[in-house]
Amino acid sequence: MSNDILFLAEFSGGKPARSALELATGAAELASQSGGAAVALAYGSGAAAGAAALGAHGATRAIVLGDEDRPAITYAPAAVAASRDAGLAVLAPATPNGRDLAAALVGTLDLPAFGPVRAARVVEGTLETEQATLQGRVITTARPADGAPTPSIVLVLANTFAPAEGGSGSAEVSEAPAAAESALARASVAESHEADAKVVNLEEASIIVAGGRGVGSEEGFGPLRDLASALGGAVGASRAAADAGWIPYQLQIGQTGKVVKPALYIGAGVSGAIQHRVGMQTAEHVIAINKDPDAPIGEFADLFVVGDLFQIIPALTDEIRRRKGS
Ligand SMILES: Cc1cc2nc3c(=O)[nH]c(=O)nc-3n(C[C@H](O)[C@H](O)[C@H](O)COP(=O)(O)OP(=O)(O)OC[C@H]3O[C@@H](n4cnc5c(N)ncnc54)[C@H](O)[C@@H]3O)c2cc1C
C-alpha cells in the first residue's frame, strides 16, 4: 500500500476549478505527514494540458482521467481504475460533481467514506478527519477502523485548505490506467453555456453576503449584490428568501441548502435559525446586520450591528468603494 494522497481535480477550458487548487495544497499537506506524494486525478476539458500546473500548488504527479467536456460522472470508471489500491486517501471536493464521483468510488470499490470534513490530517500513518455533526452542535473526529481497505474517500468542504500560491513546481503527468467497461461512461454533453451570473459557485466564495426575509423582495437583494461585488464576494440567502422566490434556490445556505465555509459571512435580515446556522457556522468571521437586538444570530456573530440593513449596507458599500478607490 502506498501512502500517497490522491485528489480529484476538475478542469474546464484548461483551467482548474478552485477546489482543485485547494485540494492540491491539502493533499500535499497530508502527503508530507504520511510520507507519500500528492497525486491529482485530473478530468474535464483541457485537463491534459493544465494538469502539470497543479505542481505549483503542491501536486507531485497528475493522472489524467480524461480530457473532454462531458458529465463528471462519466469519469467515474477511470477514477475507479486509478484509485484501486492507490494510496491512503482520495480527497474529493464537497461539490455536486465531487460528491457524485466520491459516491461512485465508494460504491464501486467498497471503501470507507468520510465527510464533508472541515479538517483532515495523518496521525501515525492513519487518516483522521474532523466533521460537524448533529446540526453542528458536535464536532466528530473519525478514522478508518483497523484493517479497513484503502484508500479512504474523503469529501472536503470548500475553503478547508487555502491554495498555496507562488509555487513554480510542475506535476509529472501520466494517463489513467485502462478503465473497465461501464454504462456510467456513456453520457455526453449536448450543449453548455455560461450560468446566470447571479448563480455563482457559492461554496467556493471566500466572502458571502447572505440575505434573509428581512431583505423583503427581489429588488431588496440589489444592495446586497452591490456590497458583494465591492468585496469580491458572492450573494447567498436563507430559505425564507429562497422560498419567497427572491433569489434562486442554488444560493440557499443551510440544512437543506449549501454548506459554506467562507473567510467572511455577512448576514443581513437573517435571524440565525439553527437550520441556517448549520450551513454557515464554520465561516471564519460572522457579521450580522439585524434590526432586532435579540435576533439569535447575535449570539454567534463576531460583530453584531443592530439597525436597518437598507441604511447600513449601502453606507458600508460606499465606504468600501471609497477606500478601494473604485
Ligand atoms: C426541515 C427544515 C429545513 C430547513 N432548512 C433551512 C435551510 O437550509 N436554510 C435556511 O436558511 N432555513 C432553513 N429552514 C428554515 C429556518 O427554520 C428559518 O425559518 C429560516 O432560516 C428563517 O429565515 P430568515 O432568517 O431569513 O427569516 P426570519 O427568521 O423571519 O428572520 C428575518 C430577520 O430579518 C430581520 N429584519 C427584518 N427587516 C430588517 C431590516 N430592514 N434590517 C435588518 N434586519 C431586518 C428580523 O429582525 C429577523 O431577525 C428549514 C426549516 C426546516 C423545518
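Residues numbered from 1 in each chain as written. Predicted model: local features only at pLDDT ≥ 70, side-chain atom pairs only at ≥ 80, totals over all residues. Heavy atoms only, no water.

Draft legend 1. Representation of the pattern of salt bridges in the model. For the coordinates displayed, the defined rule picks out eleven salt bridges. Between arginine 18 and glutamate 22 there is a salt bridge, with its nearest N and O atoms 2.7 Å apart. Placement of both arginine 18 and glutamate 22 in helix 1 (residues 18-34) is noted, with a separation of four residues, approximately one turn of the helix. With a closest N to O distance of 2.8 Å, glutamate 181 and arginine 186 form a salt bridge. One exposure class covers both glutamate 181 and arginine 186, and it is exposed. (Salt bridge = Lys/Arg side-chain N within 4 Å of Asp/Glu carboxyl O. Helix = DSSP H or I, 4+ residues; strand = E, 2+ residues; numbered from the N terminus. Buried < 20%, exposed > 50% of the residue type's maximum accessible area, 1.4 Å probe, protein only.)

Draft legend 2. Region of the structure containing the environment of threonine 25. Its location among the elements puts threonine 25 in helix 1. The exposure class assigned to threonine 25 is buried, which follows from its relative accessible area of 11%. Taking the C-alpha atoms as reference points, threonine 25 and alanine 38, separated by 13 residues in sequence, lie 8.5 Å from one another. Discounting chain neighbours no more than four positions away, the residues touching threonine 25 are His57, Ala162, Pro163 and Ala164. (Contact = heavy atoms within 4.5 Å.)

Draft legend 3. Empty space enclosed by the protein, seen in detail. Applying the stated criterion across every chain, the model contains one cavity of 30 Å³ or more. Put simply, the largest cavity is a space of about 60 Å³. Lining the largest cavity we find Ser19, Glu22, Leu23, Pro93, Ala94, Thr95, Val156, Leu157, Ala158 and Phe161. Ranked by residues supplied to the lining of the largest cavity, first place goes to helix 1 with three residues. (1 Å grid on protein atoms, 1.4 Å probe; cavity = no way out; pocket = protein on both sides within 12 Å on 5 of 7 lines; lining within 4 Å. Points joined across faces, edges and corners; volume = space filled by probe spheres on them.)

Draft legend 4. Inspection of the packing of aromatic side chains at higher detail. This structure, assessed with the given rule, holds one aromatic pair. Judged by centre distance (5.2 Å) and plane angle (45°), the ring pair of tyrosine 43 and tyrosine 75 falls under tilted. Taken as a pair, tyrosine 43 in strand 3 (residues 38-44) and tyrosine 75 in the loop between strand 4 (61-66) and helix 3 (76-83) lie far apart in primary sequence, 32 residues in all. A relative accessible area of 0% means that tyrosine 75 is categorised as buried. Directly above the aromatic system of tyrosine 75 lies the positively charged group of arginine 70, at a separation of 4.1 Å from the ring centroid. Sitting above the plane of the phenylalanine 300 ring, arginine 277 keeps its charged end 4.1 Å from the centroid. (Phe/Tyr/Trp six-rings, centres within 6.5 Å; stacked < 30°, edge-to-face > 60°. Lys NZ or Arg CZ within 6 Å of the ring centre and 35° of its normal.)

Draft legend 5. Layout of the sheet that holds strand 15 (residues 285-290). Strand order in the open sheet formed by five strands is 13-12-14-15-16, and the pairing between neighbours is parallel. Only two strands of the sheet have a single neighbouring strand rather than two, namely strand 13 (234-237) and strand 16 (303-306). Between one strand axis and the next, the sheet turns through 20° on average, direction left out of account. Against the sheet, helix 9 (residues 309-324) makes contact with strand 14 (264-268), strand 15 and strand 16, and its axis sits at roughly 130° relative to strand 15, the strand it touches most. (Pairing = 2+ DSSP bridges. Axes fitted to C-alpha atoms, helices over the stretch in contact; angles between N-to-C directions.)

Draft legend 6. Spotlight on the sheet that holds strand 8 (residues 126-133). Taken in spatial order, the three strands of this open sheet run 7-8-9, and their pairing is antiparallel. Single-partner strands in this sheet number two, and they are strand 7 (119-123) and strand 9 (138-142). Neighbour-to-neighbour, the strand axes of this sheet turn through a mean angle of 20°, independent of strand direction. Two elements, strand 7 and strand 8, share five bridges in a ladder whose sense is antiparallel. Paired with arginine 121 across the strands is glutamate 128, a residue of strand 8. Against the sheet, helix 1 contacts strand 7 and strand 8, and its axis sits at roughly 15° relative to strand 7.

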